[in-house]
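Each chain is listed here by its residues.
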Amino acid sequence: MPEPNKWRSEVRVFYEKTGMAKYISHLDTVHLFTRAIKRAKIPIWFTEGYNPHAFLTFAMPLSLGVESYCETVDIRLMQDEDLEELAVRLDNALPPDIHISKISAPRFSPQEIAWADYKIIFNCAEKNLSLYMNDILSGSEITVVKKVKQGRKKVEKEVDIKDKILRYIIASENGNTVLNITLSSGAQNNINPSLVINKIAEGSGIDADRASIIKLKSYTAEMLEWE
Amino acid sequence: MVKKEVEPLLNKVQKPARYTGGELNSVVKDKNSVKLRYAFCFPDSYEIGMSHLGLKILYSLVNARDDAWCERVFAPWNDMEKLMRENGVKLYGLESGDPLCDFDLIGFTMQYELSYTNVLNMLDLGSVPVLKKDRKSLTPIVVAGGPCVCNAEPITDFIDIVLPGEGEEVTNELIDLLIEHKEKGSSRLDFLRQAAKIDGVYIPEFYDVQYNGDGTVKEYKNLETAPKTVKKRIVSDLNNAHYPEKFVVPFIETVQDRTIGEVFRGCIRGCRFCQAGFIYRPIREKSADTIDRQCHLISDATGYEEVSLCSLSTSDYSQIETLIQKLFKWALPEKINVALPSLRVDNFSDELLNELKKIRRSGLTFAPEAGTQRLRDAINKNVTEEDVIRTASMAWSGGWSSIKLYFMMGLPTETMDDIKGIADLSQKVLDIYYQNPERQKGKTPSVSVSCASFVPKPFTPFQWEPQDTPESLTEKQKHLLSSVHSRKISVSYHESKTSVLEGVLARGDRRLGKVIYKAWQKGSKFDSWDEFFNFENWLEAFDECGLTPEFYANRIRNYDEIFPWDVMDYGIRKDFLIEENKKAHKSETTPNCRVKCSACGANKLNGGKCDARTK
């Protein structure tokens with residue numbers, strides 16, 4: 001770690017990644033922010049050495065195809081800035097589907113993320129879907145096929161994710177079946193909502209690719225809003 | 001803007017951000033407020049097309065007009081194409097999401113011959129009749145430009161208007177004319193008759209082609225309002241020519257994802273194998289101040305981390321050192337990398353090397369092109385073995401540990417000795433590393449040799465030459481491999497069958513339209529991609545049309561043969577090309593244009609001016 005006196009402060013940029021921006025991969029999002037920060041002329045700390053690059057820390061990578069209202073990236077400012085003004089400047093330098101909601105001092109570290117709220121919209125209103133979903137989610141165990149690392153290789157493994165689901169509500173909105181669900185999140189025990197969708201799709205015959213996923217909020221283990 | 005029916009497809013394809021639009025600096029207009037809609041089509045993937053400077057220039061130029069809206073269209077990858085066809089989704093402009101058939105002008109840029117089938121596929125996917133004879137209404141009009149249209153004959157079945165040369169001025173003139181005819185409600189033929197009167201506009205259907213019994217061209221007869229030959233357009237003053245102030249910034253990584261400053265057009269070198277070196281003449285330079293200002297504006301508007309310069313043989317720019325210093329002045333403090341591609345071995349100075357050392361160090365690339373001095377003289381690559389060795393020595397002592405060498409195989413007059421020469425020269429480049437006392441200890445040097453197959457092209461001194469056969473090229477590749485004796489030298493070469501097709505299409509005539517159509521019907525597309533290229537399709541197509549690839553590729557042409565591309569006037573005199581061809585066979589060189597003007601004739605396109613001489 002470089003000495004902390006090289007930058008003035010570390011701040012957390014909260015942003016929403018919605019609409020077409022959900023098709024921007026995590027790596028491309030990193031590039032996108034590097035360029036947006038440059039366009040907005042925000043003086044941030046660059047790594048040193050042979051190949052200096054903008055130092056950005058994203059709390060969690062977001063899967064391709066998922067919209068989110070709770071994304072963050074931490075940046076290190078080289079001078080004191082009015083954070084509200086900074087948020088407006090950065091927002092103006094971003095494409096329309098990425099929106100800065102605020103910039104503030106970090107309260108928790110990314111390691112403290114434990115849970116996340118998702119809203120999953122199934123673009124169909126089959127009567128049996130809600131019932132089937134409820135059967136699956138209320139069962140004593142919920143086994144899904146997960147790709148896990150085994151040494152260097154990735155292998156498929158059956159795991160029970162029952163204790164990784166904190167709560168859920170099944171509802172109907174505008175003729176669509178909607179699942180609001182809180183899943184284990186973070187670097188260690190992250191559960192990708194697509195695992196749940198695939199499980200539901202597998203038994204009910206619906207097209208998993210038609211479900212839209214929106215990430216709403218992240219929490220600490222104590223269920224405090226992570227920010 | 002993506003239409004509702006496209007969205008469900010995006011979750012099922014690779015890199016969906018290719019198909020969404022909405023990138024920073026992309027231009028969205030109200031379609032009801034414009035008089036003309038232009039679809040700029042690049043017949044390859046998004047990543048390749050978005051890297052193309054011509055697209056950026058014309059996109060910005062057309063969108064600078066209030067009465068027109070230019071959108072981008074790329075060839076969808078086959079996963080997306082399959083879903084589009086299954087779900088009845090038409091190929092659309094990325095800005096509006098509207099299908100290609102809704103546009104007034106559909107412009108294709110023809111950068112390489114192996115993208116021809118993608119033109120057909122894109123028209124078809126966009127619900128535009130593929131054959132021009134089936135397009136009856138005034139719009140859409142399908143236009144083609146780019147280097148390949150110096151011989152557009154093979155694609156004339158599909159294209160209404162061909163624009164040889166530089167598009168900046170003629171595009172605007174064509175747009176004005178089409179708007180006028182749309183408002184008048186003219187017929188397609190009326191519009192084409194007027195368009196043919198614009199300088200640098202070639203309307204293929206206004207030419208009747210007769211062939212001799214042996215398959216060569218007998219005569220081109222101009223009809224209607226068409227001129228006997230069509231002179232390519234050029235922009236006279238690059239300092240005042242349109243250049244974008246911002247680039248569209250893609251969401252996904254593309255091939256050239258950086259600020260590009262165009263430095264000059266044309267080339268002073270006259271390498272006899274190089275089509276670009278002849279068809280972009282005469283030399284026109286931009287001032288260092290203009291280039292510097294344009295690069296800074298684009299970097300500000302995009303946030304790009306890198307600036308690169310674009311031209312043929314960039315280090316021949318008369319103010320290269322001034323320019324680099326100007327760029328470094330703002331780029332270094334803003335943590336922007338300055339990249340210099342396409343360096344020559346004979347004018348690579350210590351100063352330039354020192355500037356290069358300040359920035360990121362990847363491998364260095366040089367192009368000796370041929371293995372022996374005799375052959376380098378024959379192709380007029382005015383580079384000596386000493387140049388190569390001296391540059392390699394400078395690079396090794398400058399801290400580089402890998403050098404890439406580009407060569408060609410199948411060059412006219414080439415023998416197996418020349419092939420062995422490639423291995424010998426590479427070995428010498430490697431050996432010089434160990435003779436350098438300043439070399440970095442503990443590093444292993446590597447030399448990678450990359451061999452392309454030579455393809456004779458129109459408007460070059462080698463346009464009369466037979467192309468080497470795949471069998472002969474395979475022999476030469478084997479010979480090269482057996483001549484390399486170090487594991488620190490790696491050799492790679494291209495698939496020679498794609499070169500055959502490239503050569504056929506490059507020097508082909510109108511009869512090839514049927515072959516291209518049939519190959520496309522058999523499923524050929526993305527022919528420049530190894531995973532898609534299917535030579536069997538093409539051979540069958542030739543067979544069914546009663547034509548052979550050999551007629552176009554491997555035949556020796558006489559100096560007095562009428563070529564299909566003689567209908568185009570690129571400024572270069574045929575007599576000059578004949579002289580150059582004769583000199584090649586005597587291994588005689590021609591000095592570069594800065595040393596001595598060889599009167600190629602291209603300066604007549606610019607009122608007698610050529611910046612090779614005035615600088």
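All values reported here derive from a predicted model rather than from experimental measurement. (Residues numbered from 1 in each chain as written. Chains lettered and ligands numbered in written order. Predicted model: local features only at pLDDT ≥ 70, side-chain atom pairs only at ≥ 80, totals over all residues. Heavy atoms only, no water.)

Asks: Can you walk me through the pairing of strand β10 (residues 212-219) of chain A in this structure?
Replies: A regular strand carries its side chains on alternate faces of the sheet. Residue and element names in this part refer to chain A. Burial within β10 is extensive, with 6 of its 8 residues counted as buried. Looking at chain direction, strand β3 (residues 66-77) and β10 are connected through 3 bridges and run parallel. Looking at the pairing, Ser68 lines up with Lys215 of β10. Sheet topology note: the strand β5 (residues 115-122)/β10 ladder contains 7 bridges and is antiparallel. Note on β10: the bridge partner recorded for Lys119 is Ile214. (Buried < 20%, exposed > 50% of the residue type's maximum accessible area, 1.4 Å probe, protein only. Helix = DSSP H or I, 4+ residues; strand = E, 2+ residues; numbered from the N terminus. Pairing = 2+ DSSP bridges.)

Asks: Would you mind going over the confidence of the model for chain B with me for this structure?
Replies: Parts of the model with low pLDDT should not have their predicted coordinates read in detail. In the predicted model, chain B carries a mean pLDDT of 93, and the fraction of residues at 70 or more is 96%. As a predicted assembly, this complex carries a pTM of 0.92 together with an ipTM value of 0.86. (pLDDT = per-residue confidence, 0-100.)

Asks: Can you walk me through the sheet that holds strand β14 (residues 364-369) of chain B in this structure?
Replies: Each strand in a sheet pairs with its neighbour through backbone hydrogen bonds, running either in the same direction (parallel) or in the opposite one (antiparallel). All names here are of chain B. As summarised here, the arrangement of the 4 strands in space is β14-β15-β16-β17, forming an open sheet in which the pairing is parallel. The open sheet has two free edges, formed respectively by β14 and β17 (489-493), since each of these has just one partner strand. The sheet shows a mean angle of 20° between the axes of neighbouring strands, taken without regard to direction. Two elements, β14 and strand β15 (residues 402-409), share 4 bridges in a ladder whose sense is parallel. Pairing of Leu364 across the sheet is with Ile403, part of β15. Taken strand by strand, helix α14 (residues 416-434) contacts β14, β15, β16 (446-453) and β17, and its axis lies near 170° from that of β15. (Axes fitted to C-alpha atoms, helices over the stretch in contact; angles between N-to-C directions. Contact = heavy atoms within 4.5 Å.)

Asks: Got a minute to help me understand the packing of helix α17 (residues 512-521) of chain B against helix α18 (residues 535-545) of chain B in this structure?
Replies: When two helices pack together, their arrangement is given by the angle between the helix axes and the distance between those axes. Residue and element names in this part refer to chain B. In the contact formed by α17 and α18, the axes pass within 8 Å of each other and the chain directions differ by 135°. One finds that α17 runs oblique with respect to α18. The handedness of the crossing between α17 and α18 is right-handed. Facing Leu512, Lys514, Val515, Ile516, Lys518 and Ala519 of α17, the residues of α18 in contact are Asn537, Trp538, Ala541, Phe542, Glu544 and Cys545. Within the contact of α17 with α18, the residues separate by chemical class into 8 nonpolar, 1 polar and 3 charged. (Parallel < 35°, antiparallel > 145°, perpendicular 65-115°, else oblique. Left-handed = near helix turned anticlockwise from the far one by under 90°. Nonpolar A, V, L, I, M, F, W, Y, C, P; charged D, E, K, R; others polar.)

Asks: How do you make sense of unusual backbone geometry when you look at a structure like this?
Replies: Of all residues except glycine, most have a negative phi; of all peptide bonds, most are trans. A cis amide bond links Thr139 of chain B to the next residue, Pro140 of chain B, at an omega of 0°. Among the structural elements, Pro140 of chain B can be located in the loop between α5 (116-125) and β4 (141-145). Here the residue pair Arg281 of chain B and Pro282 of chain B is connected by a cis peptide bond, since its omega of -5° sits within 30 degrees of zero. In this structure, Pro282 of chain B sits in the loop between α8 (276-279) and β11 (284-285). With a phi close to 55°, Lys41 of chain A is a non-glycine residue in the positive phi region. When you line up the elements, Lys41 of chain A lands in the loop between α1 (26-39) and β2 (56-58). The phi angle at Lys15 of chain B is positive, at roughly 45°, despite the residue not being glycine. Within the secondary structure, Lys15 of chain B sits in the loop between α1 (7-10) and β1 (36-42).

Asks: Help me understand the nonpolar core, please; the structure alone is not making it clear to me.
Replies: Phe33 and Leu90 of chain A together with Ile106, Ile161 and Phe191 of chain B are the most contacted members of the largest nonpolar core, which has 152 residues in total. If we skip the residues at most four places from it in the chain, Ile106 of chain B touches Ala39, Cys41, Leu100, Leu123, Val128, Pro140, Ile141, Val142 and Val143 of chain B. Within the second largest apolar cluster, 28 residues are counted, among which are Ile389, Ala395, Phe407 and Ala423 of chain B. (Core = buried A, V, L, I, M, F, W, Y, C linked by side-chain atoms within 4.5 Å.)

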